[in-house]
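# An overview of the molecular structure
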There are 2 protein chains.
Amino acid sequence: METITNRRSIRRYADRPVDEALLNSLLKEAERTQTMGGMQLYSVVVTRSAEGKARLAPLHYNQPMVTAAPVVLTFCADFNRTVQWCRCRKADPGYDNFLSFLNAATDALLYCQNFCTLAEAEGLGLCYLGTTLYQPSDIAEVLGLPKLVVPVATITLGWPAEHPEQTDRLPLSAIIHDEHYTDYTPQAIDDAYRDKEALEVNRQFVRENGKETLAQVFTDVRYTRRDNEALSAGLLDVLRRQGFLD
Amino acid sequence: METITNRRSIRRYADRPVDEALLNSLLKEAERTQTMGGMQLYSVVVTRSAEGKARLAPLHYNQPMVTAAPVVLTFCADFNRTVQWCRCRKADPGYDNFLSFLNAATDALLYCQNFCTLAEAEGLGLCYLGTTLYQPSDIAEVLGLPKLVVPVATITLGWPAEHPEQTDRLPLSAIIHDEHYTDYTPQAIDDAYRDKEALEVNRQFVRENGKETLAQVFTDVRYTRRDNEALSAGLLDVLRRQGFLD
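The rules behind these values
- Residues numbered from 1 in each chain as written.
- Chains lettered and ligands numbered in written order.
- Predicted model: local features only at pLDDT ≥ 70, side-chain atom pairs only at ≥ 80, totals over all residues.
- Heavy atoms only, no water.
- Helix = DSSP H or I, 4+ residues; strand = E, 2+ residues; numbered from the N terminus.
- Expected span 1.5 Å × (residues − 1).
- Buried < 20%, exposed > 50% of the residue type's maximum accessible area, 1.4 Å probe, protein only.
- Salt bridge = Lys/Arg side-chain N within 4 Å of Asp/Glu carboxyl O.
- Least-squares fit on C-alpha atoms with pLDDT ≥ 70 in both.
- Contact = heavy atoms within 4.5 Å.
- Buried area = accessible area lost by both parts, 1.4 Å probe.
- Nonpolar A, V, L, I, M, F, W, Y, C, P; charged D, E, K, R; others polar.
- Pairing = 2+ DSSP bridges.
- Lys, Arg positive; Asp, Glu negative; His and termini not counted.
- Polar contact = N/O pair within 3.5 Å; in protein donor to acceptor, adjacent residues only side chain to side chain.

### Overview of helix 6 (residues 98-121) of chain A
Helical geometry: 3.6 residues make up each α-helical turn, so side chains three or four residues apart lie on a common side. Residue and element names in this part refer to chain A. The end-to-end C-alpha distance of helix 6 is 35 Å, a good match for the 34 Å that 24 residues give at a rise of 1.5 Å each. Counting buried positions along helix 6 gives 23 out of 24 residues, so the element sits mostly inside the fold. Directly beyond the C-terminal end of helix 6, a positive phi value near 95° is found at Gly123.

Here you go:
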């Protein structure tokens with residue numbers, strides 16, 4: 001499928017709006033995604049206003065896509081709507097727990113991915129912001145998310161104004177396991193990462209960061225233990241605050 | 001995109017194998033999915049053997065698709081491979097925490113969804129098993145998953161031997177929010193669920209279960225508080241056991 005084979009993340013957008021009818025038709029079409037028990041445990045907050053983007057930008061580390069994109073979509077794990085439904089229908093919901101969070105997050109992420117594929121098939125470009133999980137509590141506050149709603153993914157969306165190189169991927173043998181997980185020997189690691197490490201763009205990345213290996217760029221610069229541990233505490237805290245964890 | 005617009009979950013499969021080269025080409029193509037920092041924090045265990053399926057079946061509540069499908073795919077959140085790489089490259093990984101689990105689960109789920117879309121575009125049929133999150137600890141044991149690997153999704157895959165009706169979906173207005181989350185009034189809940197509740201298949205579902213409302217079928221029969229709470233405890237336990245939670 002060309003849409004997937006040729007995809008790349010798009011961070012620069014043309015000065016051209018994303019038509020609301022088109023956006024809604026894509027969001028509607030993505031609703032065909034499989035969903036747990038047909039419950040559709042997700043919501044999407046659509047941000048188009050300059051003020052809304054300006055409030056979200058610092059919560060995504062001021063990545064320029066947030067204010068530059070015509071549309072920002074925040075995909076939320078949402079058990080609130082289902083629970084409100086239960087309360088209106090004499091049913092006693094028991095979804096204020098961790099399994100329910102993961103079920104809703106799963107629904108939201110699968111829906112999000114299908115939306116991305118549909119949008120890219122229309123020629124739109126997008127960037128998936130992993131930063132949504134870094135400061136979810138502040139995002140929840142800015143977007144007014146009630147209990148049992150947690151943001152899990154953000155997409156900046158627009159018409160592409162760039163056509164970057166595709167990034168590298170591991171050989172398939174590195175990610176599939178036949179019948180049983182076979183742990184990685186140093187030889188298997190060498191085989192999996194050899195091509196990645198040999199790429200000039202990655203070698204340059206190592207040099208720029210003054211590191212010895214590419215892996216050190218990840219552990220020492222991009223995704224450090226200190227950051228991960230602090231952000232993990234915040235993430236567990238927002239799950240408690242939003243009612244998914246005792 | 002017809003593949004998504006026309007999709008339905010397929011639970012009955014033709015007596016026809018899924019060619020390994022085709023499967024691998026789809027798994028490979030799905031690798032183009034966006035991934036955090038290019039790390040590809042996922043693995044897939046491919047189960048084709050009757051013995052392997054028989055071991056997995058009870059962990060998925062003996063849903064008949066598990067043994068009937070030619071292929072069962074278990075998609076795992078996997079930081080193990082990346083950590084092994086770090087250890088082989090003089091880098092000190094800090095990924096034994098909750099944020100890292102959610103990052104890896106996200107990667108695995110987005111990859112899984114694109115795999116599903118690609119497989120369905122080839123005419124294959126599949127069913128997504130939400131039960132993966134119910135007994136992840138036993139699944140981890142059966143598949144031999146090491147620390148920092150947790151199963152998050154399972155797909156049963158084969159050539160369709162049925163063409164079921166599509167299931168209902170909520171109106172788009174029920175899932176999107178303009179700039180800010182607007183909580184649901186009883187009127188908004190009525191508007192969102194009116195069509196779903198009026199469907200004959202859902203009315204029958206209420207009668208069969210001896211309930212008064214459709215919501216009660218969810219809260220009292222399908223996804224009960226008692227089950228959710230017990231399964232949540234098991235889920236948190238497997239995250240601890242696999243090293244993602246203190």
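Don't stop here, the text continues.
### Quick notes on the pattern of salt bridges
Tallying each qualifying case throughout the model produces 26 salt bridges over all chains. Across the pair Arg7(A) and Glu120(A) runs a salt bridge, and its minimum N-O distance is 3.0 Å. Placement of the pair is Arg7(A) in the loop between helix 1 (2-5) and helix 2 (20-30) and Glu120(A) in helix 6, with a sequence separation of 113 residues. A relative accessible area of 6% means that Arg7(A) is categorised as buried. On the basis of relative accessible area, Glu120(A) is assigned to the buried category, the value being 13%. Connected through salt bridges with shared partners, the residues Arg89(A), Asp190(B) and Glu197(B) form a single ionic network.

### Topic: the relation of the copies chain A and chain B
Both copies of the chain are related by a screw-like operation: a rotation about an axis and a shift along it. Superposition of chain A onto chain B requires a rotation of 180° combined with a translation of 0.0 Å along the rotation axis, giving an RMSD of 0.0 Å. Between the two chains, the operation in question is that of a two-fold axis. The fraction of interface residues of chain A whose copies in chain B are also interface residues reaches 100%, indicating that both copies meet through the same surface.

### A short note on the interface of chain A and chain B
Each partner contributes to the interface: chain A provides 111 residues, whereas chain B provides 111 residues. Roughly 10,400 Å² is buried in total at the junction of chain A and chain B, and carbon and sulfur atoms are behind 58% of that figure. Summed over the shared surface of chain A and chain B, the number is 8 salt bridges. Between Glu212(B) and Lys90(A) there is a salt bridge, with the nearest N and O atoms lying 2.5 Å from each other. Ranked by residue count, the leading element in the side of chain A that touches chain B is helix 6 of chain A, at 16 residues. In the side of chain A that touches chain B, the residues fall into 53 nonpolar, 34 polar and 24 charged. Bridge analysis of strand 5 (residues 176-178) of chain A against strand 1 (residues 42-47) of chain B gives 3 bridges, and the strand direction is parallel. Bridge assignment links Asp178(A) to a residue of strand 1 of chain B, and that residue is Val46(B).

### Details of helix 10 (residues 214-222) of chain B
Regarding helix 10 of chain B, the residues found buried are Leu214(B), Ala215(B), Gln216(B), Val217(B), Phe218(B) and Thr219(B). In this structure, the buried side of helix 10 of chain B is in contact with helix 5 (80-88) of chain A together with helix 8 (186-198), helix 9 (200-208) and helix 11 (225-241) of chain B.

### So, the side chain of Lys53(A)
For Lys53(A), the position within the fold is in helix 3 (residues 50-56). Although buried, Lys53(A) forms no salt bridge, and the nearest oppositely charged side chain, Glu179(B), lies 7.6 Å from it. Looking at Lys53(A), its side chain comes within polar contact range of the main-chain oxygen of Arg48(A), at 3.3 Å. Ignoring any residue separated from it by four or fewer positions in sequence, one finds Lys53(A) in contact with Thr47(A), Arg48(A), Val66(A), Thr67(A), Ala69(A), Pro70(A) and Val72(A).

### Thoughts on unusual backbone geometry
With the exception of glycine, most residues fall at negative phi, and the peptide bonds are largely trans. All names here are of chain A. At Tyr61, a residue that is not glycine, the phi angle is positive and equals roughly 60°. Examined against the element boundaries, Tyr61 turns out to sit in the loop between helix 3 and helix 4 (65-68). Here Tyr61 falls in the partly exposed class, since its relative accessible area comes to 45%.

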